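# Examining the three-dimensional arrangement
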Amino acid sequence: MENPENIDRMTTLSQVMKTLSERGIHREFRMNDKCEMKFENSDKVYQPSELVILKTYRFEGDSNPDDNAVLYVVKDNAGNRGMIIDSYGADSNYPGEEFDKFLRDIPIQESDEFNF
């Protein structure tokens, strides 16, 4: 459950990314043009079952739908933590359905550690 006192503190993607970086989470999981999910600076290709979503943050632009984004805090089965960032709406970071299917197949295990 979110802390009502902090509801307005983290309102932008950059604020959340800064806070996560201060907690040691600054690398990204990214899907390449071959539809392979990789951890930044790594050659390992992940399957959804090797990852867990710990927290989801959604951001909506006040006046521009192109400002919509989702940030997922993710952990792999070796304990590495990182982020997946996706703009959504008319223009997604990842065209096609492979990215959406991959995300839907990642288990979710919400963690209170990231309620800030």
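Our structure's up above, just so we're on the same page.
The structure reproduced in this document is the subject of the present report. Note that this is a predicted model, so its numbers are computed, not measured. (Residues numbered from 1 in each chain as written. Predicted model: local features only at pLDDT ≥ 70, side-chain atom pairs only at ≥ 80, totals over all residues. Heavy atoms only, no water.)

### A short note on the environment of Asn68
On the secondary structure map, Asn68 appears in the loop between β4 (51-59) and β5 (69-76). Once the C-alpha coordinates of Asn68 and Ser87 are considered, the two residues, 19 residues apart in sequence, prove to be 5.7 Å apart. (Helix = DSSP H or I, 4+ residues; strand = E, 2+ residues; numbered from the N terminus.)

### Description of the nonpolar core
Residues Phe29, Met37, Leu51 and Ile84 are the most contacted members of the largest nonpolar core, which totals 16 residues. Among all residues touching Met37, those that are not within four sequence positions of it are Phe29, Arg30, Met31, Lys44, Val45, Tyr46, Leu51, Ile84, Phe99 and Phe102. Listed in part, the 13 residues of the second largest apolar core include Leu20, Tyr57, Val73 and Phe116. (Core = buried A, V, L, I, M, F, W, Y, C linked by side-chain atoms within 4.5 Å. Buried < 20%, exposed > 50% of the residue type's maximum accessible area, 1.4 Å probe, protein only. Contact = heavy atoms within 4.5 Å.)

### Thoughts on the environment of Asn32
Looking at the element boundaries, Asn32 is found in the loop between β1 (29-31) and β2 (37-39). According to the relative accessible area criterion, Asn32 is partly exposed, its value standing at 26%. A polar contact is formed between the side chain of Asn32 and the backbone nitrogen of Lys34, at a distance of 2.9 Å. In this structure the side chain of Asn32 is engaged in a polar contact, spanning 2.9 Å, whose partner is the side chain of Glu36. (Polar contact = N/O pair within 3.5 Å; in protein donor to acceptor, adjacent residues only side chain to side chain.)

### A closer look at the sheet that holds β5
Reading across the sheet, the three strands line up as β4-β5-β6 and stay open at both edges, with antiparallel pairing between neighbours. Where the open sheet ends on each side, the last strands, each with one partner, are β4 and β6 (81-87). Between one strand and the next, the sheet's axes are offset by a mean angle of 20°, whatever the strand orientation. As judged from the eight bridges shared by β4 and β5, these two strands associate in the antiparallel manner. Note that in β5 the partner of Thr56 across the bridge is Tyr72. Where helix α1 (residues 13-22) meets the sheet, its contacts fall on β4, β5 and β6, and the angle it forms with β5 comes to roughly 20°. In the packing of helix α2 (residues 98-105) onto the sheet, the strands contacted are β4, β5 and β6, and the crossing angle to β6 comes to about 135°. (Pairing = 2+ DSSP bridges. Axes fitted to C-alpha atoms, helices over the stretch in contact; angles between N-to-C directions.)

Honestly, it's all geometry; don't read function into it.
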